[in-house]
Amino acid sequence: MRWTRGLVLSGILIFSGVSAYANEVMSEAPAEIVIREHPKTGFPYVSVIDPRRPREVFTGEMKKFNRPDYRLLDPKIKSKDTAYDGPVSDRKKVYVLAGVLAAGGVAGYAALPVSAAGGGAAGGAGAYAAASGAVTAGTFSTHWMMKKDDRPDDFTQLSVSRELPL
Amino acid sequence: MIGMLLFSGCAALFGWKIHAPALLSQDYYSRVFPAEGRVALYLPNDTLGFQSTNKGGALADPQTYFVGEAMTPMILEAFQRAFSEFIFFETEPTVPLMRLYDIQSLAVVRIRTLKNRVTLKGQAVQLETETRIYNQNLEPVAAFESLGTSDAKNVFSKKGGPEINLNAAIENNVTALVQYIQDKKLALGGEA
């Protein structure tokens, strides 16, 4: 159904292009209609391209994954409860390198990378604050107080559009 | 002190690199239904390659969010679902092209910013975009901003947590974006 729709639309567009081929306006805008396959879903769509200046639209790796399951964001749900197969941050490198440096450097900071690396995913972005102890604890609690509302144990999603002046 | 400096340096070099799965969830398909209209989409270069290094708190680890890389396939998928005839402009749109292919409505979407807030309890990310709608003569007919937020606890302690949180914020943004176009009937080239 999706392929049929894509083919029909591209057919209409290509023929409308051919009929206007002799038009002076057409010569100013060389373009081609192509059918591309969505890199994640495989669904076809119609693209207008300039063959003289191809443009890289999709950057990064385009591996196919399962559709995301936002139940993962529910604090009561654990990672193993959802079948997540998507990309994972490679933050481990930081702690490995930091661990090597700290081991040969200042002993007082050894606890920071070791605890973060040893705990796997635990700790996360807050690891600096957690491991560096009393010095940063005050700063972090100030930051935490900046949050206006202490929401219940749930996750919040917001989706909104507002008109702007032209 | 030297150790601290070294540590800061290497963390700044590496940090968290957050790539979202870049797919819409099944929820999107139950919230957005196709509308009639031939709609084109153009994404400027600064949107395609948009990255954010906003780490969301003075004490949080460095983070790099690959927002444009994830948003491009997601917004394409969103438009494919939302409009009966969808055309993606890989080249810069021009009036002759709009007329040639009888496109009534063009949406140009630009990422404005990614806001981030990281705390010990969790993370909130908010993606802000600005969309301008043009008619066949490339005259502006509407402009609007869209916000997509995802705020959750224990994000960084879960495998794929920050990736899914970013994905959710992008999905919330594109959902608001396409629903605005549908609600205001901008796909038909009409005025807002």
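Residues numbered from 1 in each chain as written. Chains lettered and ligands numbered in written order. Predicted model: local features only at pLDDT ≥ 70, side-chain atom pairs only at ≥ 80, totals over all residues. Heavy atoms only, no water.

1. Thoughts on the overall build of chain A
In terms of regular secondary structure, chain A is built from 6 helices and 3 strands. Each helix (α) and strand (β) of chain A, taken in turn from the N terminus, gives the series α-α-β-β-α-α-α-α-β. A total of 166 residues make up chain A; the buried ones form 36% of that total. In chain A, once contacts between residues fewer than 6 apart in sequence are set aside, the share between residues at least 24 apart is 30%. Working note: accessible area of chain A is about 10,100 Å², and carbon and sulfur atoms make up 61% of it. (Helix = DSSP H or I, 4+ residues; strand = E, 2+ residues; numbered from the N terminus. Buried < 20%, exposed > 50% of the residue type's maximum accessible area, 1.4 Å probe, protein only. Contact = heavy atoms within 4.5 Å. Areas by Shrake-Rupley, 256 points an atom, 1.4 Å probe, with all protein chains shown as cover.)

2. Regarding the overall build of chain B
Within chain B one finds 6 helices and 8 strands. Along chain B, helices (α) and strands (β) appear in the sequence α-β-α-β-α-β-β-α-β-α-β-β-β-α when read from the amino end. By principal-axis analysis of the C-alpha atoms, chain B measures approximately 65 × 30 × 25 Å. Counting all 192 residues of chain B, 67% fall into the buried class. For chain B, restricting intrachain contacts to residue pairs at least 6 apart in sequence, the fraction spanning at least 24 positions comes to 72%.

3. Focus: the environment of Glu-32 of chain A
All names here are of chain A. Structurally, the position occupied by Glu-32 is in strand β1 (residues 32-37). Classification of Glu-32 by relative accessible area gives partly exposed; the value is 39%. Once the C-alpha coordinates of Glu-32 and Leu-72 are considered, the two residues, 40 residues apart in sequence, prove to be 42 Å apart. With residues up to four places along the chain from it excluded, the contact list for Glu-32 reads Ser-47, Val-48, Ile-49 and Pro-51.

4. Structural notes on the sheet that holds β1 of chain A
With mixed pairing, 8 strands are arranged side by side in an open sheet as β1(A)-β2(A)-β5(B)-β2(B)-β6(B)-β7(B)-β8(B)-β3(A). The open sheet has two edge strands, β1 and β3 (156-163) of chain A, and neither has a second partner. Between one strand axis and the next, the sheet turns by 30 degrees as a mean value, whatever way the strands run. Across 8 bridges, β3 of chain A lies against strand β8 (residues 140-153) of chain B in antiparallel orientation. Counterpart to Ser-161 of chain A in the pairing with β8 of chain B is Ser-146 of chain B. (Pairing = 2+ DSSP bridges. Axes fitted to C-alpha atoms, helices over the stretch in contact; angles between N-to-C directions.)

5. Re the nonpolar core
One broad trend across soluble globular proteins is that nonpolar side chains are buried collectively. Leu-41, Val-67, Ile-75, Phe-79, Ile-170 and Ile-181 of chain B are the most contacted members of the largest nonpolar core, which has 58 residues in total. One finds Ala-31 of chain A together with Ala-40, Ile-103 and Leu-106 of chain B within the second-largest nonpolar core, a separate group that totals 15 residues. (Core = buried A, V, L, I, M, F, W, Y, C linked by side-chain atoms within 4.5 Å.)

6. Here's the deal with the confidence of the model for chain B
Do not read the fine detail of predicted coordinates wherever pLDDT is low. Residue and element names in this part refer to chain B. With 90% of its residues at a pLDDT of at least 70, chain B reaches an overall mean of 89. Taken together, the stretch residues 5-12 has pLDDT below 50 and engages in 12 contacts with residues farther than four places along the chain or on a different chain. ipTM for the predicted complex: 0.86, alongside a pTM of 0.76. (pLDDT = per-residue confidence, 0-100.)

7. Here's the deal with helix α6 (residues 161-183) of chain B
All names here are of chain B. In this model α6 runs 32 Å from its N-terminal to its C-terminal C-alpha over 23 residues, within 8% of the 33 Å that 1.5 Å per residue would give. Among the 23 residues that make up α6, 21 are buried, leaving the element largely enclosed by the rest of the structure. Phi turns positive one or two residues past the end of α6, at Lys-185, with a value near 55 degrees. (Expected span 1.5 Å × (residues − 1).)

8. Some points on the packing of aromatic side chains
Given two aromatic rings, their pairing is described by the distance between the two centres and the angle made by the two planes. Residues and elements named next belong to chain B. Evaluation of the coordinates by the stated rule reveals 7 aromatic pairs over all chains. Summarising the aromatic geometry, the rings of Tyr-28 and Tyr-29 are spaced 5.7 Å apart at their centres and angled 85 degrees between planes, so their arrangement reads as edge-to-face. On the basis of relative accessible area, Tyr-28 is assigned to the buried category, the value being 0%. Residue classification places Tyr-29 among the buried positions, given a relative accessible area of 11%. (Phe/Tyr/Trp six-rings, centres within 6.5 Å; stacked < 30°, edge-to-face > 60°.)

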